[in-house]
Amino acid sequence: MASFKCPVGKSSAFDSLHNSIDQRKTTCGHLGSISKVDITRSSSRHWHPSAHRISFRSSEKKGTHHSFSIRAMAESDSVNGVPQIDISINPRVASLKPSKTMAISDHATALVQAGVPIIRLAAGEPDFNTPDIISEAGIKAIQEGYTRYTPNAGTMEIRTAICNKLKEENGLSYTPDQIVVSNGAKQCIMQAVLAVCSPGDEVIIPAPFWVSYPEMARLADATPVIIPTSLSDDFLLNPEVLSSKLNERSRLLILCSPSNPTGSVYRREVLEEIAKIVAKHPRLLVLSDEIYEHIIYQPAKHTSFASLPGMWERTLTVNGFSKAFAMTGWRLGYLAGPKHFVTACGRIQSQSTSGASSISQKAGVAALGLGYAGGEVVSTMVKAFKERRDFLVKRLQALEGVKLSVPQGAFYLFPDFSSYYGTEVEGFGIIEGSEALCRFFLEKAQVAVVPGDAFGENKCIRISYAASLDTLKAAIDNIEKSLTLLQPAAPAKHS
């Protein structure tokens, strides 16, 4: 069966194709006589790989089929006789949703640049400067000419330092060839998903989730399977619910503790229950996103999933420098795991970005040299985060109709504002969900926060408290004042 594909804007284009088929002895004479012609026509005027198809069967030999494609452009699809350019993009890429956290942050930044005094509590990055000792290590690297390519997986110096950190702080034993250093933890996660997931595999993601997890699964042609959690359970995955969702297609479970966006921290005993379930499924791996491990508030304690019995062999541990060391712009993260998985991630990196910045790697070595859990430098930042958390928790709990799970880590609050949904604001409209509420806060309170539907929970919004206490006080004052504008929604009119 041979196929012709073309976009058609006018019926005359089909006539010309019929004429071309009559000339088959010159264009495809090896096919012999054509016994059947099928034409499928799309309403689209622009070329698409499957938009228009003409197929025919050759009778030269019984049971012989030939296949090739001819693309033709209709007269309406050309300008001055020049065919228009095909502007289609990969369907996987087309299906990706833009990050709402980045969209809100960019919108807020644009308003600030336009002179609007927006309080920005949307971005997921510390407001502190990178500690001096780390910055100085980066500056020294530049001054000493340490500005060339490094090995793809990272320098031996930083991979050795990471191994020492994982051993001392997490109880995990790795060798440098079981570490790959990348341009941020985000790249590590993306490469891990691409490396282990095949088309049709399922990626298990508890909700609320970091916005990029489902999109990364889709980019790998895997299927994200979202498992809702509840505020009453502190947004932690119920092991029994997890067990009910697993099957032979389950390939990767993603856990994030402390969590973005909820700040929840998994207790060791809960992780042990999850590990027992994981152990029953030979194909199931676990990606443990531990980027917020040092930003944790007592009595909560961090447990690395790979440290649990039988889990080292099937766990990919991701961490980095952005959050705890206030190094978001340095773009430095790492993945640790069994060598064959890490090698696969390295292959992807070698054909995309290659190694991380040589300068950032020197700075990362300095960060890991600050002492256990980042030493006093990190503990000072964590103390400030806790003070801010306590302030906001108290203020939010005082707001009528707002529900809240007190976060045990990270620097986010994820309050439930759904009691205000359905209310109406004059000149704005009805607050239909978290996205409308965040637009309302941006417009009326001049505070930028992120809608919960971006994280898989429309009842909530994410508030980052990576800002000074004065800034947070002004933000919550504005939010509280703006809520007085909300009125019960008018009942729907029936004709």
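On a predicted model such as this, the values are computed, not experimentally measured, just so you know.

Structural notes on the overall build of the protein chain
Item 1. Each helix and strand in the protein chain was counted, giving 15 helices and 19 strands.
Item 2. In the protein chain, buried positions account for 50% of the 495 residues.
Item 3. Contacts in the protein chain between residues far apart in sequence, at least 24 positions, make up 72% of those at least 6 positions apart.

Focus on the side chain of Thr 303
Item 1. The residue Thr 303 is located in the loop between β11 (285-289) and β12 (315-320) in this model.
Item 2. When residues no more than four places from it in sequence are discounted, the contact partners of Thr 303 are Arg 268, Leu 271, Glu 290 and Leu 308.

Regarding the side chain of Ser 464
Item 1. Positionally, Ser 464 belongs in strand β19 (residues 461-464).
Item 2. Engagement of the side chain of Ser 464 in a polar contact is seen with the backbone nitrogen of Ala 466, the distance being 3.3 Å.

Quick word on the pairing of strand β7 (residues 179-182)
Item 1. Neither face of β7 is exposed, since Ile 179 and Val 181 on one face and Val 180 and Ser 182 on the opposite face are all buried.
Item 2. Pairing analysis gives four bridges linking β7 to strand β13 (residues 333-336), with the strands arranged antiparallel. Counted as the bridge partner of Val 181 is Tyr 334 from β13.

Topic: the sheet that holds strand β18 (residues 450-451)
Item 1. If you trace the three strands from one edge of the open sheet to the other, you get β14-β19-β18, paired in antiparallel fashion. The open sheet has two free edges, formed respectively by β14 (412-413) and β18, since each of these has just one partner strand.
Item 2. Relative to β19, β18 runs antiparallel, the two sharing two bridges. Among the inter-strand pairings, Pro 451 is bridged to a residue of β19, identified as Ile 461.

Describing the sheet that holds β7
Item 1. Taken in spatial order, the seven strands of this open sheet run β7-β13-β12-β11-β10-β8-β9, and their pairing is mixed. Two strands in the sheet have a free side with no partner beyond their single neighbour: β7 and β9 (223-228). For this sheet the average axis-to-axis angle between neighbouring strands, irrespective of direction, equals 20°.
Item 2. Judged from the six bridges that link them, strand β8 (residues 202-207) and β9 form a sheet pairing that is parallel. For Pro 206, the partnering residue across the bridge sits in β9 and is Ile 227.
Item 3. Most of the contacts of helix α8 (residues 212-219) go to β9, to which it runs at about 155°, and overall it touches β8, β9, β10 (250-256) and β11.

Quick notes on the pairing of β11
Item 1. For β11, a buried count of five out of five residues is recorded, marking the element as mostly surrounded by other parts of the structure.
Item 2. What you see with β11 is no split at all: Leu 285, Leu 287 and Asp 289 on one side and Val 286 and Ser 288 on the other are buried throughout.
Item 3. Where β10 lies against β11, five bridges are found, and the strand directions are parallel. Looking at β11, one finds that Cys 256 is bridged to Asp 289.
Item 4. Between β10 and its parallel partner β11, the chain crosses via helix α10 (residues 268-278), and the hand of that crossover is right-handed.

With respect to the confidence of the model for the protein chain
Item 1. Mean pLDDT for the protein chain: 87, with 83% of residues reaching 70 or above.
Item 2. Taken together, the stretch residues 1-76 has pLDDT below 50 and engages in 121 contacts with residues farther than four places along the chain or on a different chain.

Quick look at the packing of aromatic side chains
Item 1. Tallied over the entire structure, the rule returns 15 aromatic pairs.
Item 2. On the numbers, 4.9 Å between centres and 50° between planes, the contact of Phe 411 with Tyr 412 is tilted. Pair check on accessibility: Phe 411 and Tyr 412 agree, each one buried.
Item 3. Consider the rings of Phe 417 and Tyr 420, whose centres lie 6.2 Å apart with planes at 40°: the pair is tilted. Pair check on accessibility: Phe 417 and Tyr 420 agree, each one buried.

A short note on the packing of helix α7 (residues 185-196) against α8
Item 1. Interaxial distance between α7 and α8 falls to 9 Å at its minimum, and their mutual angle equals 40°. Taken together, the axes of α7 and α8 are oblique relative to one another. The chirality of how α7 crosses α8 is right-handed. In this structure, α7 contributes Lys 186, Ile 189, Met 190, Val 193 and Leu 194 to the contact, and α8 contributes Ser 212, Tyr 213, Met 216, Ala 217 and Leu 219.
Item 2. Among the residues making up the contact of α7 with α8, the classes are represented as eight nonpolar, one polar and one charged.

Details of unusual backbone geometry
Item 1. Going from Ser 257 to Pro 258, the amide bond is cis rather than trans, its omega being -10°.
Item 2. On the secondary structure map, Pro 258 appears in the loop between β10 and α10.
Item 3. Positive phi, normally seen in glycine, also occurs at Ser 354, with a value near 65°.
Item 4. Locating Ser 354 in the fold gives a position in the loop between α11 (339-350) and α12 (358-368).
Item 5. Located in the positive-phi region is Ala 373, a residue other than glycine, with phi close to 55°.
Item 6. Along the chain, Ala 373 turns up in the loop between α12 and α13 (375-397).

Basis of the calculations
Residues numbered from 1 in each chain as written. Predicted model: local features only at pLDDT ≥ 70, side-chain atom pairs only at ≥ 80, totals over all residues. Heavy atoms only, no water. Helix = DSSP H or I, 4+ residues; strand = E, 2+ residues; numbered from the N terminus. Buried < 20%, exposed > 50% of the residue type's maximum accessible area, 1.4 Å probe, protein only. Contact = heavy atoms within 4.5 Å. Polar contact = N/O pair within 3.5 Å; in protein donor to acceptor, adjacent residues only side chain to side chain. Pairing = 2+ DSSP bridges. Axes fitted to C-alpha atoms, helices over the stretch in contact; angles between N-to-C directions. Right-handed = clockwise from strand over helix to strand, strands pointing away. pLDDT = per-residue confidence, 0-100. Phe/Tyr/Trp six-rings, centres within 6.5 Å; stacked < 30°, edge-to-face > 60°. Parallel < 35°, antiparallel > 145°, perpendicular 65-115°, else oblique. Left-handed = near helix turned anticlockwise from the far one by under 90°. Nonpolar A, V, L, I, M, F, W, Y, C, P; charged D, E, K, R; others polar.

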